[in-house]
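A look at the structure
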Amino acid sequence: MMIKKGIALGVMLVFSFVASAQKRMTLPFSGEYDEDQILHLGFFFTYQTSYYKATKNAHWQSSNGGVPGRRLVGLKTPAAMGGVGFGIPIDVRIGGNANFIVRPTYLIFANQSLDYTFLDEATGERVTISKYHKEEPNPNASGNSLDKNFFAFEMPVLFKFKSDMKKIYGEDKYRGYLVGGAKFSRNIGRNKYYNELTENRPEFMPLIVKPYYFSYEAGVGVDLFFEYFKMSAELKWSQTMNSILDKKWKNLSNPFMEPLDKLSLRSIQFSLIFE
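About the cut-offs
Residues numbered from 1 in each chain as written. Predicted model: local features only at pLDDT ≥ 70, side-chain atom pairs only at ≥ 80, totals over all residues. Heavy atoms only, no water. Helix = DSSP H or I, 4+ residues; strand = E, 2+ residues; numbered from the N terminus. Buried < 20%, exposed > 50% of the residue type's maximum accessible area, 1.4 Å probe, protein only. Contact = heavy atoms within 4.5 Å. Pairing = 2+ DSSP bridges. Axes fitted to C-alpha atoms, helices over the stretch in contact; angles between N-to-C directions. Patch = residues over 30% accessible without salt bridge, like charges linked within 9 Å, V, L, I, M, F, W, Y side chains within 5 Å. Areas by Shrake-Rupley, 256 points an atom, 1.4 Å probe, with all protein chains shown as cover. Salt bridge = Lys/Arg side-chain N within 4 Å of Asp/Glu carboxyl O. Core = buried A, V, L, I, M, F, W, Y, C linked by side-chain atoms within 4.5 Å.

Turning to the environment of Val157, a few remarks are in order. Within the fold, Val157 resides in strand 11 (residues 152-162). For Val157, a relative accessible area of 34% translates into the label partly exposed. Remark: the alpha-carbon pair of Val157 and Glu217, spanning 60 residues in sequence, is separated by 9.1 Å. If near-sequence neighbours (up to four positions away) are discounted, Val157 is found in contact with Phe100, Ile101, Gly180, Gly181 and Ala182.

Written out as structure tokens, the structure is:
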């Protein structure tokens, strides 16, 4: 009897909490949009173009890529095709024109690479090799470039500073904003893949990246208001705070990491956010 009363009391408390929370938060498309609510939830889609910024050390040209008779003569970071992601925005109003935002994000198909150009000192032939997070131990294996980098879980923590509401035909319709903060990124499957990386010869070693890293973020956007939801279009730039290379990984020889002093990751991201 006491157990049943306890369960009934717990259910009543849960319903009471939900009813109270609904007065201060809005779920996507759950009714008329209210900008004055404390908490807004929703969903978003993002497209991200990423590229590396490589800092070479003083002896970078001494690398042979694991093949005797070759010499490194060029190192460049081509622009990537881009990746896509999706997630849930958690938007908390902390003042009249300021919000605190957390956006858990799942990012896929981030295919940035680092290109190495080697000179064969015997024949004078030049060969360019693209390096990713992953590498097949079999040199004749064909791989999909969309799967040569790890997917990532990202957690941006941002502050949003909004302009006053702008009107169209006498109704509140849009406002601009600035956003900035920091982001935590975690490479999914990184530890499992690298722990099994024992068959690769030096010439087939990938770029060994850290399991996680932090980035700065800054951007601009515009909020567009509709009767039942708000849509935001946002353009954001980010750069890692430190090098993403893990040079201490198992202390194995890696001729593609030896020429590098630091490797940063820069990204430009466009998002459509619905709340």
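Taken in spatial order, the three strands make up an open sheet running 4-9-10, and their pairing is antiparallel. The open sheet is flanked by strand 4 (70-76) and strand 10 (126-131), the only strands paired with a single partner. Each strand axis lies, on average, 30 degrees off the axis of its neighbour in the sheet, ignoring direction. Examined bridge by bridge, strand 4 and strand 9 (residues 114-120) share six bridges and lie antiparallel to one another. Within strand 9, the position partnered with Gly74 by the bridge is Thr117.

On to a nonpolar patch on the surface, then. Judged by side-chain polarity, Ile94, Phe159, Phe161, Leu178, Val220, Leu235, Trp237, Ile268, Phe270 and Leu272 come together as a nonpolar surface patch covering roughly 930 Å² of accessible area. Ranked by the residues each element gives to the nonpolar patch, the list is headed by strand 16 (residues 260-274), at three residues. With respect to the helices and strands, Phe161 occurs in strand 11.

So, on to the nonpolar core. Judged by nonpolar contacts, the single largest core of 23 residues is most densely connected at Tyr52, Leu114, Tyr116, Tyr194, Leu207, Ile244 and Leu263. Mapped by element, the contributors of at least two residues to this core are strand 4, strand 9 and strand 16. Counting residues in hydrophobic clusters, the runner-up holds six residues, among them Phe44, Ile101, Leu158 and Tyr177.

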